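Summary of structural features
One letter stands for each residue in the lines below.
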Amino acid sequence: MSEANNAHNVSYLEYKGQYKGLLAWIFSTDHKRIGLLYLYTMLFFFSVAAILGLLMKTQLIAPGYTIMGPQTYNSLFTLHGIIMIFVIVVPGLPAVFGNFFLPIMIGAKDVAFPKLNLLSWWFYIIGILIVLTSQFMGDGPPDTGWTFYAPYSFRTPTNVLPAVFGAFVMGFSSILTGINFVVTIHRMRAPGMTWFKMPLFPWTLYGTAWIQILATPVIGITLLLIVAERLMGIGIFDPALGGDPILYQHLFWIYSHPAVYIMILPAMGAISEIIPVFSRKTIFGYKAIVLSTLAIAFVGYFVWGHHMFTSGMSGRALYTFSFLTFLVAIPSAIKVFNWVSTMHKGSLQMQTPFYWAVSFIFVFMIGGLSGLVLGSLATNVHVHDTHFVVAHFHFIVFGGTGYAFMAALHYWFPKMFGRMYDMNWANLGWGIFFIGFNTLYLPMFYLGIMGMPRRYYDYLPDFHGGNIVSSLGAWVMVSGIVIIFANLIRSARHGEKTTEKNPWGGKTLEWQVDTPPTLENFEEIPTIEKGPYEFED
Amino acid sequence: MNSGASTFVEGVDNAFIFILGISFFFLIGITLVMILFLYRYNEKKHPKAVQNAGSTKLEIIWTVIPLALVMGMFYYGYVGWKPMKRIPDEGVEITANARMWSFSFRYDNGKVTDKLYVPKDTAIILNLNAVDVIHSLYIPAFRVKEDMVPGLANNRMWFEPTKLGSYSLFCTEYCGLQHSYMHTEVVVMEPEEFWTWYADTTGVALPVEEGADLALLGRQIVESKGCLACHSLDGSTIIGPTFKGAWGSNVPVITQGQDREVLYDYEYVKRSIYEPDYDIHRGYRAGQMFSYEGEITEQQIELIVEFLKSLNE
């Protein structure tokens, strides 16, 4: 190996390995390149699914046929859901920022199993390709919603099986990433980095990884049972064959509720990194945040029944699930209090990542508090399966995970690309996005309380007002996304070059390595003596 | 929101007010505190941060107080919901049937309607059935909703309307193409008026008067049973074949795997309604339509035939 291509002094972006061009990326086992592969895949598919969402909102701007028929609309919300859930938010922050920064933040050269890591990305891509075939082959794109509820998913003539099987394959990607991260965190922390000296983002990745390992097989088995039922006619979920459709809902939500915590925990971790740095202050209640992370990961397994409050479960099951649901709200509240307290008497740096983090707290609170309405039995019965639910989960999944993703991207961008983005455009994009987001989703709470069901192609004239506002908000929000993405894409290629190791003044390890990092991150593995957020100078 | 339209409204709305009240208090309070911090501790005003790594006392306070509040929410939610699960022994029992994409309601005397007619101040017990996929019966004004699951026995819900009027009734479980059109109305009547209406069983055995427009009567049946959700009148294909020009034609069908042609006559219409999968119209899928046996009488089929004939004119 020549001096010019030494793993210790060549940036991971410039390192010349065995392959050239695109192959040097799609066959790279470097955790940083794999992180970027996920990032590019997600940004592409996010753009696609956001356009689908915009078309749906445009259809809903007035009652009746506006720009599409009901079959198209039903296929659009199905594809929008499948892409957003399985391709974007479930892999989400762990796949992009976890891959890129977990090893660096704990002082390691790579994850424990680099080849397995690459395999995870390949499973992910193959899964996506299988889902995409469902759109173009067979009897038309699936129209079941991303939940594939039985027995409708057996009745519909559309091409459901490839979509289900694609989600199954993507599940393996998720499980393998989880295993990789758990082993990495257990075995590869730098000397001196005890569990309670580990930064909070790796902590949340740890909690998430366990959920990925333990919960994902349930959905894998369920999706496989659907395939068996559809292909072989074995009665499992379909009442026409003697199966039980409620069993399907249980199995589906046993995975899909913990999956919500797969989506949100790493988001909370990223916010817990950003707030101390831009407050110039150590995180308030480090241990409380760690413990609340583990509590969410644990209790989150036992609340799935709140998705099924009207499906005919026994009364005792219902109030038990309601009770547990309220318990799982507490650790999230604790985190919010700790974040806000971290800002108290800090020296707040008003910069783009911090705007995203503070607005995250605001929208996450709306998402969480509206979740209390859904956790309570009496109110749930009224708003169940209405637009209220749609608003709630967009505030959590898009407001929570989405804002945290953008916060993390603007925070770590200079480290990842060795270039800086344009701050003014970034702030403008954030502002427009924030206004559009709230205009889009807040009216849905109102529509839901007034009784407008979800997955509705058309609606009664009573619901028109709220829908006009919401649809206009969609256009504003998408304008914000265009500005943000255009700025980031331009900056990744032509932004001002920077080799400054620590542009924001962070204390965690990624700010002590080169910008952009060298192939093996560290010339010498550091020894850790201090906690991750000690800002006193 | 038609408050006071059923006996459940008060309990449910109390839970809403309690939860939303606390939620707004915290949302507004915490947001104002954040804005205040952004202003006061801005680096320009507050260049040096004061370190503070946490406080066990505060952690306990903001664990215990929210815990107490959410337990209060749990309690209100429980109290508002409990009566919904206590189905009374006495009341008017009605069987609610859902199929893609219409509701029908069958009364004890055999009367079948597409709107739900109920007497005021009386317990109404609905037996929930679904023919094909999961549907959900939702009456926002009454704050009630229950899924209608095919094959689930003894699935019931109840409510007691307390205000006269018509209220929307929606399907809230996504059930396919025409899901957003699967809605009807609940009509709450004075009890005397209801029982008079109930005793009038002309809906069961239609006394067809001399000179009545039979095709129009047939059209009303076709509309009320939800046939038009799948079968168009203008020649277009929705889910099933169109009604336009169908009467008297030769239909290419697959019967038990055998290709054949049958005449679109009374027998064919009747078989298609009672045994939809017996003759599969070529180019369409089996399993899309479920039998209407017991929901559409033979007399009604005769009227439907008159309507189909009229489409050829």
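Residues numbered from 1 in each chain as written. Chains lettered and ligands numbered in written order. Predicted model: local features only at pLDDT ≥ 70, side-chain atom pairs only at ≥ 80, totals over all residues. Heavy atoms only, no water.

1. Some remarks on the overall build of chain B
- The number of helices and strands found in chain B is 6 helices and 13 strands.
- Relative to the compact-globule value of 20 Å for 313 residues, chain B shows a C-alpha radius of gyration of 28 Å, a clear excess of over 25%.
- Dimensions along the principal axes, computed over C-alpha positions, put chain B at roughly 90 × 50 × 35 Å.
- Residues counted as buried form 45% of the 313 residues belonging to chain B.
- Once local pairs closer than 6 in sequence are excluded, the contacts in chain B between residues at least 24 apart make up 63%.
- Roughly 14900 Å² of accessible area belongs to chain B as shown, and the carbon and sulfur atoms make up 55% of that amount.
- Distance between charge centres in chain B, computed from 26 positive and 38 negative side chains, equals 14 Å. (Helix = DSSP H or I, 4+ residues; strand = E, 2+ residues; numbered from the N terminus. Rg over C-alpha atoms; globule rule 2.2 N^0.38 Å. Buried < 20%, exposed > 50% of the residue type's maximum accessible area, 1.4 Å probe, protein only. Contact = heavy atoms within 4.5 Å. Areas by Shrake-Rupley, 256 points an atom, 1.4 Å probe, with all protein chains shown as cover. Lys, Arg positive; Asp, Glu negative; His and termini not counted. Charge placed at Lys NZ, Arg CZ, Asp CG, Glu CD.)

2. Here's the deal with the overall build of chain A
- The helix and strand inventory of chain A stands at 16 helices and 2 strands.
- A compact globule built from 537 residues would reach a C-alpha radius of gyration of about 24 Å, and chain A, at 23 Å, matches this within 12%.
- Projected onto its principal axes, the C-alpha coordinates of chain A cover approximately 70 × 50 × 45 Å.
- Across the 537 residues in chain A, those meeting the buried criterion constitute 68%.
- At a minimum sequence separation of 6, the contacts of chain A that also span at least 24 residues come to 81%.
- Carbon and sulfur atoms make up 68% of the accessible area of chain A, which totals about 17500 Å².
- Once the 28 positive and 25 negative side-chain charges of chain A are each reduced to a mean point, those two points are 3 Å apart.

3. Regarding the pattern of salt bridges
Residues and elements named next belong to chain B.
- Tallied over the full model, the rule gives 15 salt bridges over all chains.
- A salt bridge links Arg143 to Asp13; the shortest N-O distance between them is 2.8 Å. Placement of the pair is Arg143 in the loop between strand 6 (135-139) and strand 7 (144-148) and Asp13 in helix 1 (residues 9-40), with a sequence separation of 130 residues.
- Among the ionic pairs, Arg271 bridges to Asp279, the shortest N-O distance being 2.8 Å. (Salt bridge = Lys/Arg side-chain N within 4 Å of Asp/Glu carboxyl O.)

4. Points about the interface of chain A and chain B
- Contacts between the two partners involve 86 residues from chain A, matched on the other side by 75 residues from chain B.
- Here chain A packs against chain B, burying approximately 7000 Å² in sum over the two surfaces, 70% of which is carbon and sulfur.
- Going through the elements one at a time, helix 3 (70-89), helix 6 (152-155), helix 9 (245-279), helix 10 (286-299), helix 11 (315-343), helix 12 (352-375), helix 13 (377-383) and helix 15 (423-450) of chain A are the ones with two or more residues in the side of chain A that touches chain B.
- The element that contributes the greatest number of residues to the side of chain A that touches chain B is helix 11 of chain A, accounting for 15 residues. (Buried area = accessible area lost by both parts, 1.4 Å probe.)

5. Considering unusual backbone geometry
Residue and element names in this part refer to chain A.
- Cis rather than trans, the peptide bond between Thr515 and Pro516 has omega equal to -15°.
- For Pro516, the position within the fold is in the segment after strand 2 (496-497).
- Look at Asp385: it is not a glycine, yet its phi comes out positive at around 60°.
- Looking at the secondary structure, you find Asp385 in the loop between helix 13 and helix 14 (387-417).
- Residue class for Asp385 comes out buried when judged on its relative accessible area of 11%.

6. Section: the sheet that holds strand 1 (residues 92-99) of chain B
- Strands sit in the order 3-2-1-5-8 (chain B) across an open sheet of 5 strands; the sheet is mixed. A strand with exactly one partner marks an edge of an open sheet, and here the two such strands are strand 3 (112-113) and strand 8 (156-159) of chain B. (Pairing = 2+ DSSP bridges.)

7. Quick look at the packing of aromatic side chains
- One pass over the structure, following the stated rule, counts 92 aromatic pairs over all chains.
- Look at Phe196 of chain A and Trp203 of chain A: their rings are 6.0 Å apart centre to centre, the planes differ by 35°, and that puts the pair in the tilted class.
- A relative accessible area of 40% means that Phe196 of chain A is categorised as partly exposed.
- Residue classification places Trp203 of chain A among the buried residues on the basis of a relative accessible area of 5%.
- The interplanar angle of 90° and the centroid separation of 5.2 Å between the aromatic rings of Phe8 of chain B and Trp158 of chain B together place this pair among those described as edge-to-face. Here Trp158 of chain B lies in strand 8 and Phe8 of chain B lies in the segment before helix 1, a separation of 150 residues in the sequence. Across the pair, Trp158 of chain B and Phe8 of chain B agree in class, each one buried.
- Here the basic side chain of Lys287 of chain A rests over the ring of Phe196 of chain A, its NZ or CZ set 4.8 Å away from the ring centre.
- Taking NZ or CZ as reference, Lys145 of chain B lies 3.9 Å from the ring centre of Tyr138 of chain B, over its face. (Phe/Tyr/Trp six-rings, centres within 6.5 Å; stacked < 30°, edge-to-face > 60°. Lys NZ or Arg CZ within 6 Å of the ring centre and 35° of its normal.)

8. Structural notes on the domain arrangement of chain B
- One can read the domain layout of chain B as domain 1 (9-85), domain 2 (92-203) and domain 3 (214-310).
- One C-alpha centre belongs to domain 1 of chain B, the other to domain 3 of chain B; they are set 59 Å apart. (Domains from an automatic or database assignment.)

9. Digging into the side chain of Ser11 of chain A
Residues and elements named next belong to chain A.
- Considering the arrangement of structural elements, one finds Ser11 in the segment before helix 1 (23-26).
- What makes Ser11 buried here is its relative accessible area of 10%.
- Apart from the residues lying within four places of it in its own chain, the contact partners of Ser11 are Pro516, Pro517, Thr518 and Leu519.

10. Notes on the packing of helix 14 of chain A against helix 16 (residues 464-494) of chain A
Residues and elements named next belong to chain A.
- Axis separation between helix 14 and helix 16 bottoms out at 11 Å; the angle between their running directions is 20°. Judged on the interaxial angle alone, helix 16 and helix 14 are roughly parallel. Crossing geometry of helix 14 relative to helix 16 is assigned as left-handed. Between helix 14 and helix 16, the contacting residues are Phe398, Met406, Leu409, His410, Phe413 and Phe417 on the first element and Met477, Ile484, Phe485, Leu488, Ser491 and Ala492 on the second.
- Of the residues contributing to the contact of helix 14 with helix 16, the split by class is 10 nonpolar, 2 polar and no charged. (Axes fitted to C-alpha atoms, helices over the stretch in contact; angles between N-to-C directions. Parallel < 35°, antiparallel > 145°, perpendicular 65-115°, else oblique. Left-handed = near helix turned anticlockwise from the far one by under 90°. Nonpolar A, V, L, I, M, F, W, Y, C, P; charged D, E, K, R; others polar.)

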